[in-house]
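Summary of structural features
Residue strings, one per chain:
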Amino acid sequence: MSELTPRSDVRSRSRSELRTRSAAATLPGIARHGRLPKSSPVSTVFKLLAAVLAVVLVSGVSIGALAVTSLTSKATVVDIPSTQGDGAALPEVGAIEGGFNVLIAGSDTRAGQGGIGGTVEDDSGELNDVTMLLHVSQDQTNAVAISFPRDMVVRIPDCTDSDGYTKPYSSEPINVALSYGGLGCVAQTVTELTGLPVQYAGLITFTGVINMADAIGGVDICVDGPMIDSETGMNLPEAGTYNLGGVDALAFLRSRASVGDGSDLTRISSQQVYLSSLVRKLKSQETLSDFSKVYALANAALSNLTVSSSLNSANTMVSIALALKNVPLEKVTFVQYPGTTGATEGIYAGKVKPNDYLADPMMEYIRNDQPFNLASVGDDRGSTVDPNAPVSTEAPVDPGTATEEAPVVDVPGQRADQYTCTVTNTY
C-alpha cells in the first residue's frame, strides 16, 4: 500500500479454534416492524435514497446499500429466524411507523476476495468480526449504533447450521455466531444479549467495504500520530487528516495493532471515528446532491452484500428512508457494548467479559427510547477529541452533563456530530 499524505486543512478468536463445521449455513423469516412527499418522481426517489444512505450507514460499513436493494439484483438474499417470537406477523410493506433495529455483520472471509485480507491456514469458519446493531427510536427522533467486541464471551442460542445441526453454546466469543448458523444466528445471539428484536440484517465482505469507500469518494480520517500497521498495510506517516478510500479505508477499519492499546476495544473506538466522519459526509450537501455518488455507493455495496429478505423490497426501503431522513447528527450516537478484559484463566482468559453493571442501564435506556448523554467524547484510548474540529454555531450539551431528559451513561462512544481522531501507537 502506498504511503498517504495528510490533508493540509485538517488524524479472537482464530479459525483454528473453531469446530470443523460448514460456514455456508442455510438460513431459515424475520419480523419487521411511510408516506411519500409530494414532488417529482425522480426527485422523490433521489431524496429518499440519499436520506437512507446518510443516516443508516451509521451502523457499519455496509448498511447504506440496503436502501436501494430494488435497484439491482446483485445482493444475496436470505431468510433469518424471527427474533420477535413465534407467530409474529409481518406488517404490510410501507407500514414502518415506529422503531426498528438493523443488524450489520462484517465477514472476515477471504473466499472470493481476490487475495484481499491475506490468507489463513484454516478457512473452515467464517467469522462476524464486526457486529453492530442500529436502533431507531419509536418516535424516530434518535438512533443508537451499538458495536459488540468480537471477543466478547456470550451465550450462543440454538442455531441450525447447513447440516441441520442445532445446539446452543453457553460461552463463546460473539464472532463465532456466523460460523455456527449464518446471519440468522448472529441476529438471534444479539437479540438474546440485548433484548432488542432484529427486523433487518445485512452482511458485508472486505471487497464491499473497499468498493463503497471508493464510491463515496473516500472518508476524511484524523489520526493523532503515525499509524503504521504491517499486518493490514496501513501507512499514515504523521499526524493529520487523510482522505481514505478503497483498500486504505479497509486497512484503517481492520487495523488493531497500531491503535490505542492494540486491543479490539480500542479498534472499535477508532472505527467510530470513521463512521462519524462517514455519516457527516453522507449528510453533507456535497454528497446528497450528487446522484452518481449515491448510485455508485449502492451498486458497489450490493455487489458484495447479503441481506435479509425483509430488506429486499423497494417499498420497505422507502419506508426506512422516511423514518430516518430527519434524524440529526447530534441524535446519532455510537456506543460500545461495555466489557472488561484482563482475565488470565477460565472462559474469559484473553477474551472480553460483558460488564453488566454498565450494560444493563444502557440497554434499558435504549430499549425504552430514553435519550442519554455520554460521559466523554471518545474514550481517550482509541479515539480522542480532534483539536482542529470546526467550531459549532450552536451550543450542544457538554459531554458528561446530565439533563432532566437525558442522564449520563459512562460507556465508550461518541455522537456523529463530534469530530474525533484515532489514537495511534508505535507497537
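Residues numbered from 1 in each chain as written. Predicted model: local features only at pLDDT ≥ 70, side-chain atom pairs only at ≥ 80, totals over all residues. Heavy atoms only, no water.

1. Describing the packing of helix α4 (residues 246–254) against helix α5 (residues 264–283)
Contact geometry of α4 with α5 gives a least axis separation of 8 Å together with a crossing angle of 145 degrees. Of the residues in α5, those touching α4 at A249, F252, L253 and R254 are R267, S270, Q271 and Y274. The class makeup of the residues in the contact of α4 with α5 is 4 nonpolar, 2 polar and 2 charged. (Axes fitted to C-alpha atoms, helices over the stretch in contact; angles between N-to-C directions. Helix = DSSP H or I, 4+ residues; strand = E, 2+ residues; numbered from the N terminus. Contact = heavy atoms within 4.5 Å. Nonpolar A, V, L, I, M, F, W, Y, C, P; charged D, E, K, R; others polar.)

2. A word on the confidence of the model for the chain
Any residue range with low pLDDT should be treated as having predicted coordinates unsuitable for detailed reading. In this model, the chain carries a mean pLDDT of 74, and residues with pLDDT of at least 70 account for 61%. Within the chain, strand β20 (residues 420–422) carries the highest mean pLDDT (97), whereas helix α1 (residues 41–56) carries the lowest (39). Low confidence marks residues 8–72, where pLDDT is under 50. Its contacts with residues over four positions away, or in another chain, come to 225 contacts. Of the regions scoring below 50 in pLDDT, residues 85–95 engages in 16 contacts with residues more than four places distant in sequence or in other chains. (pLDDT = per-residue confidence, 0-100.)

3. Some thoughts on the sheet that holds β20
Taken together, 4 strands build an open sheet; the order of strands is β11-β8-β20-β17 and the sheet is mixed. Since the sheet does not close on itself, it has two edges, and those belong to β11 (240–244) and β17 (383–385), each with one partner. On average, each strand axis in the sheet is tilted by 45 degrees relative to the strand beside it, whichever way the strands run. Lying over the sheet, α5 contacts β8 (219–223), β11, β17 and β20, oriented at roughly 140 degrees with respect to β8. (Pairing = 2+ DSSP bridges.)

4. Observations concerning unusual backbone geometry
One non-glycine residue, Q140, adopts positive backbone phi at about 60 degrees. Relative to the helices and strands, Q140 resides in the loop between β3 (128–136) and β4 (143–147). Positive phi outside glycine occurs at D380, with the angle close to 60 degrees. Turning to its location among the elements, D380 is positioned in the loop between β16 (373–374) and β17. For D380, a relative accessible area of 53% corresponds to the exposed category. (Buried < 20%, exposed > 50% of the residue type's maximum accessible area, 1.4 Å probe, protein only.)

5. Here's the deal with the environment of L196
In this fold, L196 is placed in the loop between α2 (177–194) and β7 (200–204). What L196 contacts, discounting residues up to four positions off in sequence, is N101, L133, H135, I146, T191, M363, I366 and R367.

6. Looking at the state of the cysteines
Enumeration over the complete set of coordinates arrives at 2 disulfides. Covalent S-S linkage joins C159 and C185, the inter-sulfur distance amounting to 2.1 Å. Around the S-S axis, the bridge from C159 to C185 shows a dihedral of about 85 degrees and counts as right-handed. With C159 in the loop between β5 (153–156) and β6 (169–173) and C185 in helix α2, this pair connects stretches of sequence that are 26 residues apart. A single burial state applies to C159 and to C185, both of which are buried. Between the sulfur atoms of C222 and its disulfide mate C421 the distance is 1.8 Å. Classification of the bridge connecting C222 and C421 rests on its S-S torsion, roughly 75 degrees, and on that basis the disulfide is right-handed. Taken together, the residues span a long stretch of sequence, with C222 in strand β8 and C421 in strand β20 at a distance of 199 residues. Assigned by exposure class, C222 and C421 land together as buried. Cysteine pairing for the chain (bonded cysteines numbered in sequence order): 1-2, 3-4. (Disulfide = S-S within 2.5 Å.)

7. Describing the pairing of strand β2 (residues 100–107)
Of all the 8 residues making up β2, 8 are buried; the element is thus mostly covered by neighbouring parts of the structure. Taking every second residue as pointing to the same face, both faces of β2 are buried, with F100, V102, I104 and G106 on one and N101, L103, A105 and S107 on the other. Here β2 runs beside β3; their pairing, made up of 8 bridges, is antiparallel. In the strand pairing of β3, G106 is matched with V130. The sheet contact formed by β2 and β7 spans 5 bridges and is parallel. For I104, the partnering residue across the bridge sits in β7 and is G202.

8. Re the sheet that holds strand β1 (residues 76–78)
Strand order across the open sheet formed by 8 strands is β1-β12-β7-β2-β3-β4-β13-β19, with mixed pairing between neighbours. Both outer strands of the open sheet, β1 and β19 (413–415), are each paired with one neighbouring strand and no more. The mean angle between the axes of side-by-side strands here comes to 15 degrees, regardless of whether they run parallel or antiparallel. Sheet topology note: the β1/strand β12 (residues 305–308) ladder contains 3 bridges and is parallel. By the bridge assignment, V77 is partnered in β12 with V307.

9. Notes on the environment of V190
Here V190 is to be found in helix α2. In this structure V190 comes out as buried when scored by relative accessible area, which is 0%. It is 9.0 Å that separates the C-alpha atoms of V190 and I156, two residues lying 34 residues apart in sequence. In this view, V190 contacts L103, T131, L133, F148, I174 and G195; residues no more than four positions away in its chain are not counted.

10. Section: the packing of aromatic side chains
Counted according to the given criterion, the structure contains 5 aromatic pairs. Relative to Y200, the ring of F100 has its centre 6.1 Å away and its plane inclined at 85 degrees; by these criteria the two rings are edge-to-face. Placement of F100 in strand β2 and of Y200 in strand β7 is noted, with a sequence separation of 100 residues between them. Summarising the burial analysis for this pair, F100 and Y200 share the class buried. The ring of Y419 carries the charged tip of R280 above its face, separated from the ring centre by 3.8 Å. (Phe/Tyr/Trp six-rings, centres within 6.5 Å; stacked < 30°, edge-to-face > 60°. Lys NZ or Arg CZ within 6 Å of the ring centre and 35° of its normal.)

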